[in-house]
Amino acid sequence: MTQSVMTTQPELTPTPALSVSGVYKSFGTFVALEGVDLDIWPGEFISIIGHSGCGKSTLLNLVAGLNPPTAGTVSLFGRPVEGPGPERAMVFQNYSLLPWLSVRANVLEAMKASVPQMGRQEREGVCEGVLKMVGLWTHRDQKPGSLSGGQRQRVAIARAFAVQPRVLLLDEPFGALDAITRGKLQDELLGMWSGPESGISNVLMVTHDIDEAIYLSDRIVVMSNGPRAHIHEVLKVNLERPRERARLVSDPVYLALKAHMLDLLGRVLAH
Ligand code: ADP
Ligand code: MG
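Here's what I pulled together on the structure shown here. (Residues numbered from 1 in each chain as written. Chains lettered and ligands numbered in written order. Predicted model: local features only at pLDDT ≥ 70, side-chain atom pairs only at ≥ 80, totals over all residues. Heavy atoms only, no water.)

## Here's the deal with the overall build of the protein chain
Next up, step 1: A count of helices and strands for the protein chain gives eight helices and 10 strands.
Next up, step 2: On C-alpha atoms alone, the protein chain measures out to a radius of gyration of 18 Å, which is about the 18 Å that the 2.2 N^0.38 rule sets for 271 residues.
Next up, step 3: Seen through its C-alpha atoms, the protein chain measures out along the principal axes to roughly 50 × 45 × 40 Å.
Next up, step 4: Residues counted as buried form 50% of the 271 residues belonging to the protein chain.
Next up, step 5: Taking the intrachain contacts of the protein chain between residues at least 6 apart in sequence as the baseline, contacts between residues at least 24 apart amount to 70%.
Next up, step 6: Taken as a whole, the protein chain presents about 12,900 Å² of accessible surface, with 53% of it coming from carbon and sulfur. (Helix = DSSP H or I, 4+ residues; strand = E, 2+ residues; numbered from the N terminus. Rg over C-alpha atoms; globule rule 2.2 N^0.38 Å. Buried < 20%, exposed > 50% of the residue type's maximum accessible area, 1.4 Å probe, protein only. Contact = heavy atoms within 4.5 Å. Areas by Shrake-Rupley, 256 points an atom, 1.4 Å probe, with all protein chains shown as cover.)

In structure tokens, the structure reads:
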């Protein structure tokens, strides 16, 4: 029997990798999130999708520990999130690079902060590897200001990959990239997450791309529109891995899921 990789709740794992419970988040009088509950199991790749402004980044920031919930709890591997931590790495929607450092130094500094136990030689090797992966090794000595938006985004992705977090938090990481680079990095991400030596347990990714969500995820969290946004529906992606893009486009499971999501986002949750 083929081992199913779609199992979302391993039988003997009572502790979720991530547990969001009764979360309510307001900014002054504006209620962004209300009644958000979500459990993610170790090993799962989860996408969050929803219309612009519904609260996806807000939810991701809560998990990152950048902003506390107004009410409710967020726990990671059974421990309450009280701030940022080295076991989580975030790729922000608007790539936050340090402008005074070179591309290479942006990656190396993040590694020094998050994996201080790694020796210099190994660190430099990993840095070279991730910068080659995103196609920026030849730009390693440039400052972010002299790069295009897509190139900056790739530095941010390289930096997150380099620190090998237990949980990778991605806020529309591939939005600014051309289709080919995007596809390549999606596959690198999958390899990074599922590889035999991967220390990455979970990926939580915000995207507005339905195909990307289906191709990458075990489950897709569809959020309702804000204000007072909550989780409208969680969709399970019953497609075996490894997935082949070329075959997916004619797979009835893929097509049905895509049609359902188009209906949800285009009609049910239309503004
Ligand atoms: P998304 O990422 O889904 O596009 P956000 O999470 O960025 O949406 O924002 C959700 C809602 O919360 C928006 O209406 C936004 O204006 C509001 N919001 C987000 N952050 C803040 C903040 N710091 N102060 C006030 N309102 C905010
Ligand atoms: Mg956002």
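Read on, since the account is not over.
## Observations concerning the pattern of salt bridges
Next up, step 1: Within this structure, the stated rule accounts for 14 salt bridges.
Next up, step 2: Taking the shortest distance from any N to any O, the salt bridge between Arg 88 and Glu 87 comes out at 2.8 Å.
Next up, step 3: The exposure class assigned to Arg 88 is buried, which follows from its relative accessible area of 12%.
Next up, step 4: Classification of Glu 87 as partly exposed rests on a relative accessible area of 27%.
Next up, step 5: Several salt bridges converge on common partners, so that one network encompasses Arg 104, Arg 120 and Glu 124. (Salt bridge = Lys/Arg side-chain N within 4 Å of Asp/Glu carboxyl O.)

## What to know about the sheet that holds strand 4 (residues 71-76)
Next up, step 1: Ordered in space as 2-1-4-5, the four strands form an open sheet in which the pairing is antiparallel. Unpaired on one side and paired on the other, strand 2 (30-40) and strand 5 (79-80) mark the two borders of the sheet.
Next up, step 2: Note that strand 4 and strand 5 share two bridges and pair antiparallel. Opposite Leu 76, over in strand 5, you have Arg 79 as the bridge partner.
Next up, step 3: The sheet strands contacting helix 1 (residues 56-64) are strand 1 (18-27), strand 2 and strand 4, and the helix crosses strand 1 at an angle near 120 degrees. (Pairing = 2+ DSSP bridges. Axes fitted to C-alpha atoms, helices over the stretch in contact; angles between N-to-C directions.)

## Describing the packing of aromatic side chains
Any aromatic ring pair is given by two values, namely how distant the centres are and how the planes are angled relative to each other.
Next up, step 1: The final tally for this structure, using the stated rule, is one aromatic pair.
Next up, step 2: Ring centres of Phe 45 and Trp 193 lie 5.4 Å apart, and the angle between their planes is 90 degrees; this geometry places the pair in the edge-to-face category. One end of the pair, Phe 45, is in strand 3 (residues 45-49); the other, Trp 193, is in helix 5 (residues 179-194), and 148 residues separate them in sequence. Accessibility assignment for this pair places Phe 45 and Trp 193 in one class, buried.
Next up, step 3: Over the aromatic face of Phe 77 sits the side chain of Arg 166, whose NZ or CZ is 3.6 Å from the ring centroid.
Next up, step 4: The ring of Tyr 215 carries Arg 245 above its face, with NZ or CZ at 3.9 Å from the centroid. (Phe/Tyr/Trp six-rings, centres within 6.5 Å; stacked < 30°, edge-to-face > 60°. Lys NZ or Arg CZ within 6 Å of the ring centre and 35° of its normal.)

## A closer look at the pairing of strand 2
Next up, step 1: With seven bridges joining them, strand 1 and strand 2 adopt antiparallel strand pairing. Looking at strand 2, one finds that Val 23 is bridged to Val 36.

## Details of the site of ligand 1
Next up, step 1: Lining the immediate environment of ligand 1, one finds Phe 27, Phe 30, Ala 32, His 51, Ser 52, Gly 53, Cys 54, Gly 55, Lys 56, Ser 57 and Thr 58.
Next up, step 2: One nitrogen or oxygen atom from the main chain of Gly 55 is found 2.9 Å from an oxygen atom belonging to ligand 1.
Next up, step 3: Between ligand 1 and the protein, one listed contact pairs an oxygen atom with a side-chain N or O atom of Lys 56 at 2.8 Å.
Next up, step 4: Surface burial for ligand 1 is 59%, taken as the share of its 570 Å² of free accessible area covered by protein chains.
Next up, step 5: When residues of the shell around ligand 1 are traced back to their parent elements, those giving at least two are strand 2 and helix 1. (Near = heavy atom within 4 Å. Polar contact = N/O pair within 3.5 Å; in protein donor to acceptor, adjacent residues only side chain to side chain.)

## Thoughts on the sheet that holds strand 8 (residues 202-206)
Two pairing modes exist for strands in a sheet, parallel and antiparallel, and in both the strands are linked by backbone hydrogen bonds.
Next up, step 1: One open sheet accounts for six strands, arranged 6-7-8-3-9-10; its pairing is mixed. The outermost strands of the open sheet, each flanked by one partner alone, are strand 6 (88-91) and strand 10 (231-236). Within the sheet, the average angular offset between the axes of one strand and its neighbour, ignoring direction, is 15 degrees.
Next up, step 2: Pairing of strand 9 (residues 219-223) with strand 10 involves five bridges; the strand directions are antiparallel. Note that in strand 10 the partner of Val 222 across the bridge is Glu 233.
Next up, step 3: Seen against the sheet, helix 8 (residues 252-268) touches strand 3, strand 9 and strand 10 and runs at an angle of roughly 170 degrees to strand 10.

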